[in-house]
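Overview (structure and organization)
The lines below spell out each chain.
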Amino acid sequence: MRRPVAMVTGLVLFGEAVGIVLINAVLATVAENQHMSLAGMDPDAMSTGTWVMGGVSGLLLVLCGLIALTAGIRDRAPGRVGRIVLIGCAVVHGVLGAVTVGLVGWAAFAFMMAVLALLVLTLLSYGPEVRPQAQRPELTPTAP
C-alpha cells in the first residue's frame, strides 16, 4: 500500500505546485494592475515579490513531489535529505492549514489536511527498517 500512497502524494504535490503558481500569478497581476502597495512599498516590488514567491513555492512543491514519487516508483525510503524535505513540507502544510481555516475557509483547510495526511503516511510507511541486531558472542568470564 505504500507505493500507491507515495505516488498519489507526489501527484497531489505536483497539482498543488501548479495551483500555487497560478494563484500567485493572479495576485501579482492584480497588484500590478491596481498599483497596490503596502506601507508605501513600490507596486512593482509587490508584483515582483509575488511572482518570485509563487515560483519558489512551486519549485519547492515540485521537489517534494519528485521525492515522494521517486520513493513510490523505487519502493525505497527517501534518503536523509529527502526525509527532511518531506518533513518540512508536512510542517508547512500543517501551519498553512491552521491559517487557511480562518482566511479561506473549511474546504481549503480540508485540502491542506488531506495533503498533510498523505505526507505523514508516506513518511511513516517508509520509516526506518527494523534490522535484526548483530549477533554478539556471549561474554564468558575467564578463569584466573
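Residues numbered from 1 in each chain as written. Predicted model: local features only at pLDDT ≥ 70, side-chain atom pairs only at ≥ 80, totals over all residues. Heavy atoms only, no water.

Description of the overall build of the protein
- Helix and strand counts for the protein come out as four helices and zero strands.
- Within the protein, the fraction of its 144 residues that count as buried is 28%.
- Residue pairs in contact within the protein that sit at least 24 positions apart in sequence constitute 69% of those at least 6 positions apart.
- Of the roughly 9800 Å² of accessible surface on the protein, 71% is carried by carbon and sulfur atoms. (Helix = DSSP H or I, 4+ residues; strand = E, 2+ residues; numbered from the N terminus. Buried < 20%, exposed > 50% of the residue type's maximum accessible area, 1.4 Å probe, protein only. Contact = heavy atoms within 4.5 Å. Areas by Shrake-Rupley, 256 points an atom, 1.4 Å probe, with all protein chains shown as cover.)

Details of the nonpolar core
- Core analysis: the largest hydrophobic core is formed by 12 residues, namely L13, A17, L61, C64, I67, L86, C89, A90, V115, L116, L119 and L123.
- Looking at which element gives the most residues to this core, the answer is helix α4 (residues 106-125), with four residues. (Core = buried A, V, L, I, M, F, W, Y, C linked by side-chain atoms within 4.5 Å.)

Some remarks on unusual backbone geometry
- Of note, the phi angle at D75 is positive, near 55°, even though the residue is not glycine.
- When you line up the elements, D75 lands in the loop between α2 (43-74) and α3 (80-103).
- Overall, D75 belongs to the partly exposed group, its relative accessible area being 28%.

What about the pattern of salt bridges?
- Tallied over the entire structure, the rule returns one salt bridge.
- For R2, the salt bridge identified is with D75, shortest N-O distance 3.1 Å. Taken together, the residues span a long stretch of sequence, with R2 in helix α1 (residues 2-33) and D75 in the loop between α2 and α3 at a distance of 73 residues.
- Overall, the relative accessible area of 27% leaves R2 in the partly exposed class. (Salt bridge = Lys/Arg side-chain N within 4 Å of Asp/Glu carboxyl O.)

Quick look at a nonpolar patch on the surface
- A surface patch of nonpolar side chains, amounting to about 580 Å² of accessible area, comprises I87, V91, V95, V99, L103 and V104.
- Residue placement: V95 occurs in helix α3.
- According to the relative accessible area criterion, V95 is exposed, its value standing at 51%. (Patch = residues over 30% accessible without salt bridge, like charges linked within 9 Å, V, L, I, M, F, W, Y side chains within 5 Å.)

Description of the environment of I73
- Here I73 shows up in helix α2.
- In this view, I73 contacts R3 and M7; residues no more than four positions away in its chain are not counted.

Considering the environment of V115
- Examined against the element boundaries, V115 turns out to sit in helix α4.
- Overall, the relative accessible area of 2% leaves V115 in the buried class.
- Between the C-alpha atoms of V115 and V12, which are 103 residues apart in sequence, the distance is 7.4 Å.
- Residues contacting V115, with those up to four places away along its chain left out, are V12, L13, E16 and H93.

A word on the packing of aromatic side chains
- Going through the model one piece at a time under the given rule, you end up with one aromatic pair.
- Ring geometry for W106 and F109: centres 5.4 Å apart, planes at 90°, overall edge-to-face. Here W106 and its partner F109 are both found in helix α4, three residues apart, which amounts to about one turn of the helix. (Phe/Tyr/Trp six-rings, centres within 6.5 Å; stacked < 30°, edge-to-face > 60°.)

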